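# Observations on chain architecture
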Amino acid sequence: MCVSVVDGLEFEGLDADEDTSEYRSNIIMKISSVLGLRSKKSRQEVSFEGKHSMLHFSNADTGINVVAVMDPLSNDAQKLTPVLMVLRHVTGVNMKIYMNCREKLSEMPLKRFYRYVLVPSLQFNEDGQLASGPQAVFRDIPETPLLTMNLDIPQAWMVEAVKSPYDLDNIYLKEVEQSVVGNFELEYILIEGHCSDANTGQPPRGLQFTLGTKSNLEQFDTIVMANLGYFQLKASPGSWILQLREGRSNEIFEIESLSGSSTAKHGATEVVVVDNFLGEFLKAKVKRKDGKENADLLAEDGEKGGGGIWDSLSNMVSGSTSSSSSNETINIFSVASGHLYERFLRIMMLTVMKNTKSPVKFWFLKNYLSPTFQAFVPHMAKEYGCEYEFVQYKWPGWLHHQTEKQRIIWGYKILFLDVLFPLSLKKIIFVDADLIVRADLKELMDMDLERAAYAYTPFCDSRKEMDGFRFWKQGYWRNHLGHRPYHISALYVIDLKRFRRLAAGDRLRGQYQGLSQDPNSLSNLDQDLPNNMIHQVPMKSLPQEWLWCETWCDDASKPAAKTIDLCNNPLTKEPKLVSAVRIVKEWPDYDNEIKRLQERVAENKSQSQSYEKTTDTTSKDEL
């Protein structure tokens, strides 16, 4: 076939003397070589034995055939099945589903009840009104297991629970009279993206973006990670202005191009439009301004930063750019999930306020807090004169995901410290929800961290009967730490300015990405990761009295304790509420004080609702 085609060709610009059989043979050889490189794959009809393991939904009136092969006892099958059912309902396709089961199982592969909320059409009530919305309904679930409710949502969504009287982290159906109901709302749609330097192609680590409107240009802000140049901003449907943050970011860089599915440029203003529920993914390129080719983006605002990388390294070593030791407000970060730990969290807040005269602001990870706690926090803030703010961040799609909620929360304690808080915040203290504070935390806010990114308290080693459980004194940890102690993550101080400058967040995420692929690594994620990175991200050791735990510390050191941690005891496995009352004599008084405040709030709410009902009059037309 190739020979006959070439023989019939006429070559323009080729002399008759040169058009020889040898010339045409070379042409044939080259064409054959190129065609030979193409893979020869033919479509094959795959046949299945459908006698016992096939579901057939036939429709003779359609020419569309859908064939699905799935393992019925898999997480993917739980997602795919409702999608196939909706597809069949809407399009009427001819569908065959083959069950591709595994022959041998060492354990039950499915450990969850799953509902995929997807409806084929609008739903209406009996009176013709539009139904309240799609819902996931679980029926005939065993009553004895302790269950936890999780949401499996699109990457671009931030969803919050807005109403649920029950503890969705600890659902025990045997003690539920009717049914457990949780209402959720879509709070934000994310704008994500990757940013790179137009000249070098590398991520501009530490570059800061803001997102806002004409009336508030800095409604949200974020920092560009060194990890893939990733950045994330919260948004809602509408038009948004994206720009570089005032300061070193817009002094050194300018946006060269911004591409996405819904972006526009109005003069010098970059506009991003969120017009769907899939979010917006951007590709941003920035370039340095003239004269700023060697400027250090991560230098302090008061520095010129013109010395380039050598000045930067010099500052890191000398510590000449350490944050000011004076911090007027005590900023405290904490996380909790479930009503029990929210109860501990309220008491922790109370103990902080009882032991300081400085202004205090609490920062709570909103992702897993219940509506009940979020509604009560404003009353506590008013009662005790403190401030509060809820922060949240969506786990990036490219970062290895955890499946257990407890490990996800551990990840939020350490992986996103550089992007979780406003960029104006310079220093913050993480305090575990079950920690009892007995000293003024202003001392930690004013402490010089000596060029370290954060400061942790070492584990006690004074209770000798627990030596067999001190895993860090043997094997890998003994060799890795050397003379350094293993630190506990119940209380630590973060110099956010230093943390961002050292790219500590990028380093921690990079190490996590490598280690988390092994299920046997990072057993205690929030502790193991910073201790593993102790040689790359400098850590200061706090004085031992800053954290006392009965499991690891002897009784003689308890009177000097500035905080008491209700950590688990692997020997006794005593419940936390029991140990709290036994170990901390003031704990019942704190608990009762919070309960009295809750009762007053509930009573005032009831009186307010009663008053609204009595004053609500319906206007009537007079005859």
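None of the values given here were measured: they were computed from a predicted structure.

Quick notes on the rules
Residue indices follow the written sequence of each chain, beginning from 1 at its first position. The model is predicted, so local features are restricted to residues of pLDDT at least 70 and side-chain atom pairs to those at 80 or more, both for listing and for counting; the totals for chains, interfaces and linings are taken over all residues. Hydrogens are left out, water is left out, and the side-chain values use all remaining heavy atoms of the structure. When a carboxyl oxygen of Asp or Glu lies within 4 Å of a side-chain nitrogen of Lys or Arg, that pair is called a salt bridge. Strands are runs of DSSP state E lasting at least 2 residues, helices are runs of H or I lasting at least 4, and numbering of each runs from the N terminus. Only protein chains enter the accessibility calculation, which uses a 1.4 Å probe. A residue is then buried if its area is under 20% of the maximum for its type, exposed if over 50%, and partly exposed in between. Whether two strands pair comes down to DSSP finding at least two bridges between them. All axes are obtained by fitting lines to C-alpha atoms, using only the stretch in contact for helices, and the reported angles, taken between N-to-C directions, cover 0 to 180 degrees. What makes two residues a contact is simply this: any of their non-hydrogen atoms within 4.5 Å. The rule is short: rings of Phe, Tyr and Trp, with Trp giving its six-membered ring, pair when the centres are within 6.5 Å, and they are stacked under 30 degrees, edge-to-face over 60, tilted in between. As used in this structure description, the phrase polar contact means that two N or O atoms lie within 3.5 Å; if the pair is within protein, one of them must be able to donate a hydrogen and the other to accept it, and residues adjacent in sequence are counted only when both atoms belong to side chains. Sulfur atoms of two cysteines make up a disulfide when they are within 2.5 Å.

## With respect to the pattern of salt bridges
- For the structure on display, the rule yields 28 salt bridges.
- Salt-bridge contacts for Glu-586 lead to Arg-438; the nearest nitrogen and oxygen are separated by 2.9 Å. Of this pair, Glu-586 sits in the loop between helix H15 (576-583) and helix H16 (587-615) while Arg-438 is found in the loop between strand E18 (435-437) and helix H10 (442-445), placing the two residues 148 residues apart along the sequence.
- Given a relative accessible area of 15%, Glu-586 falls into the buried group.
- Since its relative accessible area comes to 26%, Arg-438 is described here as partly exposed.
- Because the salt bridges share partners, they merge into one network encompassing Glu-160, Glu-187 and Lys-366.

## A short note on the sheet that holds strand E2 (residues 65-70)
- The strand order across the open sheet formed by three strands is E1-E3-E2, and the pairing between neighbours is mixed. Edge positions in the sheet fall to strand E1 (54-57) and E2, since each of these pairs with one other strand and no more. Each strand axis lies, on average, 10 degrees off the axis of its neighbour in the sheet, ignoring direction.
- Where E1 and strand E3 (residues 94-99) come together, four bridges link them in antiparallel fashion. Note that in E3 the partner of Phe-57 across the bridge is Met-95.
- Along the sheet, helix H3 (residues 75-91) makes contact with E1, E2 and E3, crossing E2 at roughly 165 degrees.

## Section: the packing of aromatic side chains
- On inspection of all chains with the given rule, the structure shows 33 aromatic pairs.
- Aromatic side chains Tyr-188 and Phe-220 sit 5.8 Å apart centroid to centroid with 85 degrees between the ring planes, which places their arrangement in the edge-to-face category. Taken together, the residues span a long stretch of sequence, with Tyr-188 in strand E5 (residues 183-197) and Phe-220 in strand E7 (residues 220-223) at a distance of 32 residues.
- A relative accessible area of 13% places Phe-220 in the buried class.
- Here the aromatic rings of Phe-471 and Tyr-486 are separated by 5.3 Å at their centres, their planes lie at 75 degrees, and the arrangement is edge-to-face.

## Here's the deal with the pairing of strand E11 (residues 263-266)
- Inspection of the sheet shows E11 paired to strand E12 (residues 269-274) by four bridges, in the antiparallel sense. Across the sheet, Ala-264 pairs through a bridge with Val-271, a residue of E12.
- Connecting E11 to the antiparallel partner E12 that follows it, the hairpin turn spans two residues, and Gly-267 within it adopts a positive phi of roughly 65 degrees.

## Points about the environment of Tyr-114
- Take Tyr-114: it is sitting in the loop between E3 and strand E4 (157-163).
- It is 9.4 Å that separates the C-alpha atoms of Tyr-114 and Asp-152, two residues lying 38 residues apart in sequence.
- Excluding residues that lie within four positions of it along the chain, Tyr-114 makes contacts with Gln-78, Lys-79, Phe-138 and Asp-152.
- Within the structure, the side chain of Tyr-114 is placed 2.8 Å from the side chain of Asp-152, a separation counted as a polar contact.

## Focus: the state of the cysteines
- Enumeration according to the criterion identifies two disulfides in this entry.
- Shown here is the disulfide that connects Cys-460 with Cys-553, its sulfur atoms set 1.9 Å apart. In this structure the cystine formed by Cys-460 and Cys-553 twists about its S-S bond by roughly 85 degrees; its chirality is therefore right-handed. Note that Cys-460 is positioned in the loop between strand E19 (454-458) and helix H11 (475-481) and Cys-553 in the loop between strand E21 (539-541) and strand E22 (563-565), a separation of 93 residues in sequence.
- Note on Cys-553: relative accessible area 2%, which makes it buried.
- Across the disulfide from Cys-549 sits Cys-567; the S-S distance is 1.5 Å. With Cys-549 in the loop between E21 and E22 and Cys-567 in the loop between E22 and H15, this pair connects stretches of sequence that are 18 residues apart.

## So, the sheet that holds strand E9 (residues 238-244)
- Read across the open sheet, the five strands follow the order E7-E6-E9-E12-E11; overall the sheet is antiparallel. Among the strands making up the open sheet, the edge pair consists of E7 and E11. In this sheet, neighbouring strand axes are inclined to one another by 30 degrees on average, regardless of whether the strands run parallel or antiparallel.

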